[in-house]
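Geometric and topological summary
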Amino acid sequence: MSCAAAYEAYKGLLALQHRGQDAAGILTYDSKSRMFAMEKDLGLVASVFSQEKIEKLNGFMAIGHTRYATAGGDGKRDIQPMVEGIPFGLGMVHNGNALNYYSLKQELSENFRHQLLTANDLEVLIHYWGHFLMNGQPLPTEKTFTFDNIKNAAAKMFETVIGGYAVLGLIAGQGLVAFRDPKGIRPLALGVKEENGVKTWCLASETIAMTYLGYQYLRDVEPGEVIFIDTKGNFQSAVVKKDNERAHCMFEWVYFSGAESAIDHQPVYGVRLKFGERLGAKARTAIEAGEIRPDVVMPVPDTSRTAAISVADALKLPYREGLIKNRYVARSFILSHQDKREHAVELKLSPIVGEIEGKSILLIDDSIVRGTTSKRIVSLLKKYGAKEVTLGITCPPIRHPCFYGIDFPDSQGLVAHDKSAEELAELLGVKKVIYLDEEDMRQAIGVSKLCMACVNKKYPTAVAEGEHFSKERQKARAAG
Ligand code: SF4
């Protein structure tokens, strides 16, 4: 018996904790006892798992998840991974949103008499995955099961499920499977570790998990690609749906991913430095026009630190930390209710008065989404004596909802939705708001095919599906 895979998954989840703080879970499959083992609960990774719990998770394959609810609720019922007994025995986790969840759910109920037990789109994915693996044929046995079964099922998933999703699954007695939506909206990276001639594979939303576990980052899973690693460790992969219109989420580089990660081999830290250089050039234009006169450049901790350093370099101004973050308070943006967010902002930042008092501050933040954090921080800085605040944002205005797994589904909740930079400056109480523009972002990221729908409304999938999903989800949330 070995819990080595579960222990690796646990460490990987610790490295990915910033991606979701609502809940965590790990599922393993043990080929000897032919049993799944699972632990999952609400809370942070370190509080969900104890040594004792990990030791019960036997098997050489494991999948894990940290939850940030963008579909379903934030209660116990909707925590991932999820498992189905038939066919084979399937376990699954995913990152993203299936936009046609509500119509797929209805089809499952009407055509297959499936009664869903959760409000999580993953449950629908797992049912369809099982259905496509069976393919209306006699079920392949463990011996007749081949990669063709996986490829055919993945191709059908890509035709059926609309949205942004990166999926990991276990198939009892067969192996581990991974696939990524045909536009590559949500990230998924592949790594390998070789010890004594034996290869171990790792798939994760971010490369930071691989670095942490000693895996070598090989590449990102291609959009429309499916990967299968059988119980003997044999690796097979194929792109089963080609879509030339890739749309990698730009917000991963802006905010979501850890600075230590790379996406499509573009290092997040390096990209954020470039955001800062370009934002610095825009701030210089405003300084030369006499619109602002900053004494210092200051980050909103933590994500914006990297960009603020290069803004300061570009402007030859001192970089100063005027706000210190309490690390034990959850990231305010990804908390799921406004009251939780307000509370988190209150708790999470403490001022260094000597660095604020009497200063004209160029404050750098990664994005303005709801405006909650920005407004609170500006008033904190003013309360502690800032002479003037200018806001530099390493992203264009977020004006439109995201349907693909970042939780800003309703444009009314986006503070920049109906406001110019000048109106926003007035609302937030700052001298000026300076945004990065779309072209600057593309250049800095170095990936031409990006999703920027929350900025430019050019959605990579049909807007009607997204709007329907968003509306239904809001109704479900309102109903509790
Ligand atoms: S809409 Fe914005 S946040 Fe959502 S996937 Fe596209 S770029 Fe990312």
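Everything below is about the structure printed above this text.
Now for a description of the structure that goes with this document.

Cut-offs and rules
- Residues numbered from 1 in each chain as written.
- Predicted model: local features only at pLDDT ≥ 70, side-chain atom pairs only at ≥ 80, totals over all residues.
- Core = buried A, V, L, I, M, F, W, Y, C linked by C-beta atoms within 7 Å.
- Buried ≥ 20, exposed ≤ 12 C-beta atoms within 10 Å, placed from the backbone.
- Helix = DSSP H or I, 4+ residues; strand = E, 2+ residues; numbered from the N terminus.
- Domains from an automatic or database assignment.
- Contact = placed C-beta atoms within 7 Å.
- Near = placed C-beta within 6 Å.
- Nonpolar A, V, L, I, M, F, W, Y, C, P; charged D, E, K, R; others polar.
- Pairing = 2+ DSSP bridges.
- Axes fitted to C-alpha atoms, helices over the stretch in contact; angles between N-to-C directions.
- Parallel < 35°, antiparallel > 145°, perpendicular 65-115°, else oblique.
- Left-handed = near helix turned anticlockwise from the far one by under 90°.

Here's the deal with the nonpolar core
Within the largest apolar cluster, 140 residues are counted, with the highest numbers of intra-cluster contacts made by L125, M250 and V311. Ranked by residue count, the leading element in this core is helix α5 (residues 121–134), at seven residues. Of the residues that make up this core, three or more belong to each of domain 1 (4–245) and domain 2 (262–454). With near-sequence residues (within four places) excluded, V311 lies in contact with G276, L279, G280, A283, V297, L362, I364 and G392.

Describing the site of the ligand
If you check the shell around the ligand, you find G164, I185, C249, M250, F251, C402, Y404, I406, C451, M452, A453 and C454 and nothing else. Residues of the shell around the ligand, tallied by class, amount to eleven nonpolar, one polar and no charged.

Concerning the sheet that holds strand β6 (residues 163–171)
If you trace the six strands from one edge of the open sheet to the other, you get β4-β5-β6-β7-β11-β12, paired in antiparallel fashion. Edge positions in the sheet fall to β4 (82–84) and β12 (235–239), since each has one partner strand and no second. Across the sheet, the mean angle separating the axes of adjacent strands is 15 degrees when strand polarity is ignored. Relative to strand β11 (residues 225–230), helix α6 (residues 147–160) is tilted by about 150 degrees, and along the sheet it contacts β7 (175–180), β11 and β12.

Comments concerning the packing of helix α9 (residues 268–288) against helix α10 (residues 305–315)
Close contact between α9 and α10 brings their axes to 7 Å; oriented N to C, the two are set at 40 degrees. What the angle tells us is that α9 and α10 run oblique. In terms of crossing hand, the pair formed by α9 and α10 is right-handed. Across the interface between the two elements, Y269, R272, L273, F275, G276, E277, L279, G280, A281, A283 and R284 from α9 touch T306, A307, A308, I309, S310, V311, A314 and L315 from α10. A class-by-class count of the residues in the contact of α9 with α10 yields twelve nonpolar, four polar and three charged.

All quantities given are derived from atomic positions and should not be read as evidence of function.
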